[in-house]
Number of protein chains: 2
Amino acid sequence: MINAAICTIGDEILIGQIVDTNSAYISRELNGIGVRVTTKISIGDNFDDILKSLRICISENDLVVVTGGLGPTKDDITKKVLSVLTKSQSFYYHDEQLEFIKMICNKRGLEVSDLNRDQALVPNNCIVIPNKMGTAPGMVFDLGEGSNKKMLVSLPGVPYEMEGMMPYVNNLISKKLSPGYIHHKTIVTYGIAEASLAKMLEEWEDNLDKDVKLAYLPNPAIGIRLRLSVYNRERESSIKIVDRYLTELKSKLGSLVYGEGEDTLETLIFSILKNKGKRLAIAESCTGGTIMSRLVSIPGSSEIICGGVITYSNESKINLLKVQPETLDKYGAVSRECAQEMALGVKELYNADYAIATTGIAGPGGGTDMKPVGSVWVSVAGDFGIDSSYKVFTGDRTRNITRFSSEALNFLRIKIL
Amino acid sequence: MINAAICTIGDEILIGQIVDTNSAYISRELNGIGVRVTTKISIGDNFDDILKSLRICISENDLVVVTGGLGPTKDDITKKVLSVLTKSQSFYYHDEQLEFIKMICNKRGLEVSDLNRDQALVPNNCIVIPNKMGTAPGMVFDLGEGSNKKMLVSLPGVPYEMEGMMPYVNNLISKKLSPGYIHHKTIVTYGIAEASLAKMLEEWEDNLDKDVKLAYLPNPAIGIRLRLSVYNRERESSIKIVDRYLTELKSKLGSLVYGEGEDTLETLIFSILKNKGKRLAIAESCTGGTIMSRLVSIPGSSEIICGGVITYSNESKINLLKVQPETLDKYGAVSRECAQEMALGVKELYNADYAIATTGIAGPGGGTDMKPVGSVWVSVAGDFGIDSSYKVFTGDRTRNITRFSSEALNFLRIKIL
């Protein structure tokens, strides 16, 4: 088993000004080629701290992946630390990267400054991974010898630049170190609380083989993902045991399970509608475009989307969606009746096969005893007719909007399956 | 100066299945009370690993904040580790938390299971912070003595539960340890690349007092934040020096600067429109609801939003927004002409004061030589008339959509200021 540490560098991480998404991405990539991540550590832009932490990480792992600190500005010192740590003799300008930097500057109508040019400066003792999305190249250093062979990888902190380099990095790791085998598989559930799910699975979980592990990963947009892992078994047997347990899990959980792996409610809705050749229209009040933007994030989503409206005001509900003024007077905007008229209205407006409508109170203001903050009506319309669901959630505004949108997507899923 | 480490616990972090947002939040909170975060570390659900890492963190810091591993399921072992580490003598059920757990279960119509009940079980040697948003309480342990006084804090991993407890934690830290003073201030820019900004500020940056540090924090949605920090000066003098430099920075950067601190393009647009008493309508093609959902995430946004439409198809552009069929024939949907008609159309549809329209190609498919992936037309309409902007970005679909939406918000900002 190859063990790895991921080090993310930058004061902006330690003072909490950015959320580190790189290390999650790198973990998934490394797991995919059989490397186990034992630790993630974040360090500030301080020479001695970086040097010390990297030394510890290298001593305790076979592989260390570093991101960040390669930018053009003065607070970026990773390259300096790496050259000291690996005892580089000299630096040189990497031709391909330099040409690329010049090309980017030209394209943007900018002069090539010394700061830009120095991004292509690399130590003599590394393999260079050209950066085709930005200016700072990646660097791979070989450390240790024989059975104690180790690798140190340095990548830029800009997520899509780093992501563009990972295929090369994976390739080098697979060649130079010989990773073992990790097998994970995940299923995704929606509509049950974590403790209820745990209770439901308690006995089953107790009887799992002892090298198989079940983890619960709740997420307000996605639901609860259940991950089964087995480490260090032989490949065939890993796949077999995990698949057997997953089949059991699925039959225990029934329609609570909606997908596998990286499936989300939106990718699921996308595939169902695409397969059926049907299209969706959405009328959003309280969710304000969130349902639509979740669907639109999927490439090709235009195939399944007719369009949407965001109707905050009563006026726009009446004018655009033909909601009856009497409905609003009698039941209010947050009601089954209004949600249903919105769904039928938007379905007609776009001549869609299916429609979703949401109306609710995301908070923090606007709640009443009868209609508290966190309450939402969702209606869906389609070949099955029309149906509605009422839920009350207890989060802040952002969380409520996320849950409302998930509730709507899940309700559509249930109705069209 | 009080130094702190943040430890996040859970296999789901190490295998990259979730992105850790807690540590960024905690960092900001700790910074706010003068605690410097030196390290963040993530560890898997393994007893020995957690114990070892916590021991190292405690030996090197005055404060350690741990999140995660307190859930009801079998993979949650933080409480066990903490009781060993701090040599707890016994456990007891914390009354207030137990009552709250029962109340939550009742509200959801669930039986109170042993798993639920055990969430209220706490070691005898800690201060308990009741969790009013969930089931697992927080725990605070005093370690060390005299001038070597240390604190170990354990909080749940669910972000909004942890966030609800931080005020109590901050209070305890301020009482028990005596934090020093850190002063950060941030301004936010949009519309310039990092290297260009760095070049522009190079000379100025060289002449900063040596205990003052400038950091560049690029973000595709927000732009580039510039953070000035000074550590360990006396309070008055910290504020004075940072304010002086910020004034210089702002005058150097002019209209590139749009805000301070946690300002974003959407919060800025919200305040401008609110102050003016004006309302906005949005027609989104390629951004598919993202601009609207960014604005709707702000509490009270209904005051400044009339509504929006998501018009993917030519048909809906014609029917809903009165875009002329000839315009689409002659110039195509991704054109200045179409964007302008969309903006005027949605402004009229909702009877709005201002309107934004976007039409572009987010990718990965759909690009041509003349209209490549990443190209977008943005039009804004209002009392100033109508104006349009064309940009080409080079990211993946998600990143392009984010940049398109930022471009639109920034373009509106420039036109209405």
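Cut-offs used in this document
- Residues numbered from 1 in each chain as written.
- Chains lettered and ligands numbered in written order.
- Predicted model: local features only at pLDDT ≥ 70, side-chain atom pairs only at ≥ 80, totals over all residues.
- Helix = DSSP H or I, 4+ residues; strand = E, 2+ residues; numbered from the N terminus.
- Buried ≥ 20, exposed ≤ 12 C-beta atoms within 10 Å, placed from the backbone.
- Contact = placed C-beta atoms within 7 Å.
- Nonpolar A, V, L, I, M, F, W, Y, C, P; charged D, E, K, R; others polar.
- Pairing = 2+ DSSP bridges.
- Domains from an automatic or database assignment.
- Axes fitted to C-alpha atoms, helices over the stretch in contact; angles between N-to-C directions.
- Parallel < 35°, antiparallel > 145°, perpendicular 65-115°, else oblique.
- Left-handed = near helix turned anticlockwise from the far one by under 90°.
- Least-squares fit on C-alpha atoms with pLDDT ≥ 70 in both.
- Core = buried A, V, L, I, M, F, W, Y, C linked by C-beta atoms within 7 Å.
- pLDDT = per-residue confidence, 0-100.
- Expected span 1.5 Å × (residues − 1).
- Arc of directions from axis to C-beta.

What follows is about the overall build of chain A. Counting its regular elements, chain A contains 15 helices and 17 strands. Along the first, second and third principal axes, the C-alpha set of chain A runs to 80 × 60 × 40 Å. When the 417 residues of chain A are sorted by exposure, 51% land in the buried category. In chain A, of all internal contacts separated by at least 6 residues, the share reaching a separation of at least 24 is 67%.

Attention now moves to the interface of chain A and chain B. Between chain A and chain B, the residue contacts involve 76 residues of the former and 77 residues of the latter. Top element by residues in the side of chain A that touches chain B is strand 14 (residues 305–311) of chain A. It accounts for seven residues. Looking at the side of chain A that touches chain B, its residues break down into 31 nonpolar, 28 polar and 17 charged. As paired strands, strand 14 of chain A and strand 14 (residues 305–311) of chain B are joined by five bridges and run antiparallel to one another. Its bridge partner being in strand 14 of chain B, Thr311 of chain A is matched across the sheet by Gly307 of chain B.

On to the domain arrangement of chain A. Taken domain by domain, chain A holds domain 1 (2–176), domain 2 (182–260) and domain 3 (265–416). Look at where the C-alpha atoms of domain 1 of chain A and domain 2 of chain A centre, and you get two points 34 Å apart.

Turning our attention to the sheet that holds strand 10 (residues 212–219) of chain A. All names here are of chain A. If you walk across this open sheet you meet the four strands as 10-11-9-12, and the pairing is antiparallel. Edge positions in the open sheet fall to strand 10 and strand 12 (257–260), since each of these has one partner strand only. Taken over all neighbouring pairs, the strand axes of this sheet differ in orientation by 25° on average, direction set aside. Bridge count for strand 9 (residues 182–189) against strand 11 (residues 223–231) is eight bridges, and the pairing is antiparallel. Following the sheet pairing, Ile187 is matched in strand 11 by Leu226. Its contacts with the sheet place helix 8 (residues 194–206) against strand 9, strand 10 and strand 11, and it is angled at close to 170° to strand 10.

Take the sheet that holds strand 6 (residues 127–129) of chain A next. Within a sheet, adjacent strands bond to each other through the backbone by hydrogen bonds, running parallel or antiparallel. Pairing in this open sheet of twelve strands is mixed, and the strands run 6(A)-7(A)-8(A)-3(A)-1(A)-2(A)-2(B)-1(B)-3(B)-8(B)-7(B)-6(B) from one edge to the other. Two strands bound the open sheet, and with one partner strand each, they are strand 6 of chain A together with strand 6 (127–129) of chain B. When strand polarity is set aside, the average angle formed by the axes of neighbouring strands in this sheet is 15°. Direction of pairing for strand 1 (residues 2–9) of chain B relative to strand 2 (residues 35–43) of chain B: parallel, over a ladder of eight bridges. Each residue of the ladder has a partner; that of Asn3 of chain B, found in strand 2 of chain B, is Arg36 of chain B.

All names here are of chain B. Relative orientation of the contacting elements helix 12 (residues 314–321) and helix 14 (residues 336–349) amounts to 45°, with a least axis distance of 9 Å. Accordingly, the angle class assigned to the pair helix 12 and helix 14 is oblique. Note on packing geometry: the crossing formed by helix 12 with helix 14 is left-handed. Residues Lys317, Leu320 and Leu321 of helix 12 lie in contact with helix 14, whose contacting residues are Cys338, Glu341, Met342, Gly345, Val346 and Leu349.

Each copy of the chain is related to the other by a rotation around an axis and a translation along that axis. Of the two same-sequence chains, chain A is brought onto chain B (RMSD 0.1 Å, axial shift 0.1 Å) by a rotation of 180°. What the superposition gives is, in effect, a two-fold axis relating one chain to the other. Mapped onto chain B, 100% of the interface residues of chain A again fall at the interface, so both copies present the same surface.

Here the focus is the nonpolar core. If you look at the biggest cluster of nonpolar residues, it comprises 216 residues, and the most contacted ones within it are Val346 and Ala355 of chain A together with Val346 and Ala355 of chain B. Here Ala355 of chain B is in contact with Leu280, Ala281, Ile282, Ala283, Ala343, Val346, Lys347, Val380 and Ala381 of chain B, once residues within four sequence places are set aside.

Turning our eyes to something else, we now look at the confidence of the model for chain A. Residues and elements named next belong to chain A. Overall, the prediction assigns chain A a mean pLDDT of 92, with 100% of residues at 70 or greater. Element-level pLDDT for chain A is lowest in strand 10, with a mean of 82, against a maximum mean of 98 in strand 15 (residues 354–360). Two numbers describe this predicted complex: its pTM, 0.77, and its ipTM, 0.75.

Now for the packing of helix 2 (residues 22–32) of chain B against helix 7 (residues 159–176) of chain B. All names here are of chain B. The N-to-C vectors of helix 2 and helix 7 enclose an angle of 20°; their axes lie 11 Å apart at closest approach. One element, helix 2, and the other, helix 7, form an angle in the roughly parallel class. Viewed along their axes, helix 2 and helix 7 form a crossing whose handedness is right-handed. Across the interface between the two elements, Asn22, Tyr25 and Glu29 of helix 2 pack against Pro159, Met162, Glu163, Met166 and Asn170 of helix 7. Of the residues assigned to the contact of helix 2 with helix 7, the class counts are four nonpolar, two polar and two charged.

Residue and element names in this part refer to chain A. For helix 3 (residues 47–60), built from 14 residues, the straight-helix expectation of 20 Å at 1.5 Å per residue is met to within 8% by its first-to-last C-alpha distance of 20 Å. When helix 3 is considered as a whole, its buried residues turn out to be Ile50, Ser53, Leu54, Cys57 and Ile58. The arc that holds the buried residues of helix 3, viewed along the axis, is 135°, so those residues lie on one side. Of the exposed residues in helix 3, the ones pointing more than 90 degrees away from its buried face are Asp48, Arg55, Ser59 and Glu60. Lining the buried residues of helix 3 we find strand 1 (2–9), strand 2 (35–43), strand 3 (63–67), helix 4 (78–85), strand 7 (138–143) and strand 8 (150–155).

The next point concerns the pairing of strand 11 of chain A. Residues and elements named next belong to chain A. Counting buried positions over the nine residues of strand 11 gives seven, a clear majority of the element. Taken together, the eight bridges between strand 10 and strand 11 define a ladder with antiparallel strand orientation. Residue Val212 lies in a different strand from strand 11, and its bridge partner there is Val230. As consecutive antiparallel partners, strand 10 and strand 11 are separated by three residues.

Our focus in this paragraph is the pairing of strand 2 of chain A. Along strand 2 of chain A, nine of the nine residues are buried, which leaves the element largely enclosed by surrounding structure. As judged from the five bridges shared by strand 2 of chain A and strand 2 of chain B, these two strands associate in the antiparallel manner. Paired with Ile41 of chain A across the two strands is Ile41 of chain B, which belongs to strand 2 of chain B.

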